[in-house]
Amino acid sequence: MSSAHEIDPPASPGTASPGGWLVGVALGLLTLFLAASALSFWPYTVDDAFISLRYAQNLVEHGELVWNLGERVEGISNPLWTLWGALGLVVHAPVVLWLKGSGLLAGLALVPLTYWLGRRVGLGRAAGLGAAAIVATNASLALWSVAGLETASFALLLTLFALRMEHELRARARGGSALPVSAALFFLCWASRPEAPAYGLYIVVRRFLAGERPPLGRADLVWVLVAGLPIAAYEVFGLAYFGGLLPATHTAKLGGGSSFFGGKFARFLGTRFLFGQGPLFAALWIAGFVGVVTGLRRIPAVAWTMSVAGLVFIAYAFTDWMPRFRFFVPPLPFLALACAFGVERLAGLLTRQHRVAVPVALALLIGGAAFDQGTRGYDRSHNIEIAVDPRGAWPLHVASRARAAWEPGRQEIDALMVLQETPEAEAVACPDIGFIGALARNPIWDIRGLVTPKAAAFLPVEESAPEFEEARRAMLDDMFAMNPAFILVPTRPQGMAPVARRFAAALRQDPRTQAGYDEIPGMLPMRVVWRRRDLVRPTAEERRARIEEGFARFPSYRTDMAESVQR
């Protein structure tokens with residue numbers, strides 16, 4: 001699928017050429033468009049960002065990379081981003097703004113980098129701008145640039161890695177040399193997300209199967225050592241510290257693709273990404289796919305291998321409760337390049353007279369898709385409205401949303417209740433643990449299993465399975481060992497309703513619940529709440545101190561609900 005232009009690209013992206021200033025202006029405008037689009041999502045901060053923050057808090061304050069002190073469970077899938085959050089705490093930055101701002105800068109950098117990578121591997125100037133425009137106008141990238149997670153930074157590292165890898169291979173093919181910076185970047189990718197090894201497909205294909213490539217030599221050994229030694233050290237640390245190579249989130253979150261092959265294709269992220277965001281969006285990608293198929297042998301390795309790696313992970317993960325297709329963001333620059341190559345291929349099949357209409361049609365498709373990207377299939381109970389509602393006339397709301405306080409979503413209600421009703425030493429069993437854990441700092445037993453392996457082991461067990469009773473008993477034993485002050489069970493979680501119902505039924509049947517807990521109807525929305533009978537409610541002064549201490553951890557946390565609690 002690669003040709004000679006893998007090694008001999010057109011003019012370098014930085015080379016001055018007629019019309020180059022127009023490209024710079026276009027890239028600047030596209031970057032500004034993405035900035036405005038991202039700021040329209042500014043209030044949204046995903047709950048999982050606070051899981052990373054609690055790990056960072058415990059690392060900085062106690063020297064332990066853990067969720068609950070003394071419990072070595074890898075409940076994060078973004079170690080590098082967690083360390084970045086810890087650095088923000090060390091330098092006393094407003095840490096949520098630190099993460100949201102870092103993500104925004106990473107997302108914005110993807111626009112020119114996508115263009116430069118496209119030009120590096122043979123895209124024409126117009127097609128390169130088309131790829132950059134696909135990235136800049138994508139609502140998924142816009143939201144996940146400011147949501148507080150590593151999504152945009154991981155996409156940035158992947159793109160930088162690929163761009164640098166192309167530079168190094170070209171330098172060697174011409175008889176020169178280059179420092180193996182791409183090896184270090186690949187390690188950073190590896191430490192950013194557990195699916196990073198899948199992107200090694202690009203290394204294998206580009207280095208060993210591309211049409212023209214430099215011969216194997218000492219530089220390859222150096223590259224393997226620069227990438228492999230820190231990767232080996234990282235994996236050994238994970239095995240020694242956490243007791244495994246994969247994070248607990250792998251068991252708790254991922255469906256392993258079995259539901260996809262079981263026939264539930266409509267729930268598959270890929271289906272919703274392509275067909276759930278409006279006809280213009282679907283038309284754009286279908287046109288690119290048709291062009292890719294007709295010109296398969298001309299697609300550079302970086303475009304199709306990185307896209308395939310991302311799509312394989314998406315098929316494996318199958319679905320995601322987080323809004324706007326988070327898993328599509330890391331491979332987005334490469335999907336955009338493949339789409340642009342496909343459209344460029346289709347344009348080459350047209351006559352010169354009709355070819356001039358292609359940029360116009362592409363601009364209309366991209367522009368229309370920027371305002372027509374829906375979020376069909378996401379549970380609104382987990383997300384604030386702007387994260388899941390149709391975009392509509394979002395440019396009219398950029399200024400007001402950029403000035404608005406960031407919001408932790410519906411989890412804020414649970415977190416403020418825990419902050420007010422429990423001493424910090426009391427444990428709480430609940431789902432959606434991020435903001436509760438980071439704000440209130442209570443020991444948390446996670447019903448979803450992200451930081452509780454016994455719960456994660458119970459989640460996939462069918463009621464008809466022989467091991468169901470044993471798994472349920474082990475899970476409840478583990479929870480009651482923490483003697484939680486409150487047990488919060490979700491009533492409307494996406495993808496977890498059957499498990500939640502089974503969990504609530506098990507609690508009602510368990511003699512420990514009947515002997516020591518009261519069910520409190522209506523205490524929290526979308527939650528069934530049990531409160532331990534011997535729990536002593538904090539005094540007014542203790543509550544006030546807890547609230548002040550919790551809010552001091554996040555100086556930028558200023559929602560209407562938070563201010564009403566402070567009063």
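Up top is the structure these notes are about.
Residues numbered from 1 in each chain as written. Predicted model: local features only at pLDDT ≥ 70, side-chain atom pairs only at ≥ 80, totals over all residues. Heavy atoms only, no water.

Asker: Tell me about the overall build of the chain, residues and numbers included.
Answerer: The secondary structure content of the chain amounts to 28 helices and 5 strands. By the burial criterion, 56% of the 567 residues in the chain qualify as buried. In the chain, the share of contacts with a sequence separation of at least 24, taken over all contacts with a separation of at least 6, comes to 76%. Only carbon and sulfur atoms are counted for the fraction: they give 64% of the accessible area of the chain, which is about 23100 Å². (Helix = DSSP H or I, 4+ residues; strand = E, 2+ residues; numbered from the N terminus. Buried < 20%, exposed > 50% of the residue type's maximum accessible area, 1.4 Å probe, protein only. Contact = heavy atoms within 4.5 Å. Areas by Shrake-Rupley, 256 points an atom, 1.4 Å probe, with all protein chains shown as cover.)

Asker: Give a description of the packing of aromatic side chains that names residues and reports values.
Answerer: One pass over the structure, following the stated rule, counts 31 aromatic pairs. Between F50 and F554 the ring centres are 5.8 Å apart and the planes differ by 85 degrees, which places this aromatic pair in the edge-to-face class. Of the two residues, F50 is situated in helix α2 (residues 47-62) and F554 in the loop between α27 (540-552) and α28 (560-566); the sequence distance between them amounts to 504 residues. Like F50, the residue F554 is buried in the burial classification. Look at F273 and F281: their rings are 5.2 Å apart centre to centre, the planes differ by 85 degrees, and that puts the pair in the edge-to-face class. Owing to a relative accessible area of 2%, F281 belongs among the buried residues under this scheme. Through successive ring pairs, a cluster of aromatic residues spans F50, W406, F435, F551, F554 and Y557. Geometry around W67 places R54 over its ring, the cationic atom sitting 4.2 Å from the centre. If you follow K100 out to its NZ or CZ, it ends over the ring of W42, 4.7 Å from the centre. (Phe/Tyr/Trp six-rings, centres within 6.5 Å; stacked < 30°, edge-to-face > 60°. Lys NZ or Arg CZ within 6 Å of the ring centre and 35° of its normal.)

Asker: Lay out the nonpolar core in plain terms, naming residues and giving numbers.
Answerer: Membership of the largest hydrophobic core comes to 96 residues, with the highest contact counts inside it found for V46, W144, F161, W285 and M306. Sort the elements by how many residues they give to this core and helix α7 (residues 151-173) lands first, with 11 residues. Discounting chain neighbours no more than four positions away, the residues touching W144 are Y44, V46, L149, T151, A152, M322, P323, R324, F325, R326 and V329. Grouped together as the second largest cluster of nonpolar side chains are 45 residues, A415, V418, L439 and A456 included. (Core = buried A, V, L, I, M, F, W, Y, C linked by side-chain atoms within 4.5 Å.)

Asker: If you had to explain the pattern of salt bridges to someone new, which residues and values would you point to?
Answerer: For the structure on display, the rule yields 23 salt bridges. The partner of R441 in a salt bridge is E61, and the shortest N-O contact between them spans 3.4 Å. With R441 in the loop between α22 (434-440) and β2 (444-446) and E61 in helix α2, the pair connects residues that are 380 residues apart, well separated along the chain. As a salt-bridge pair, E166 and R206 come within 3.0 Å of each other at their nearest N and O atoms. Note that E166 is positioned in helix α7 and R206 in helix α9 (residues 200-208), a separation of 40 residues in sequence. Assigned by exposure class, E166 and R206 land together as buried. (Salt bridge = Lys/Arg side-chain N within 4 Å of Asp/Glu carboxyl O.)

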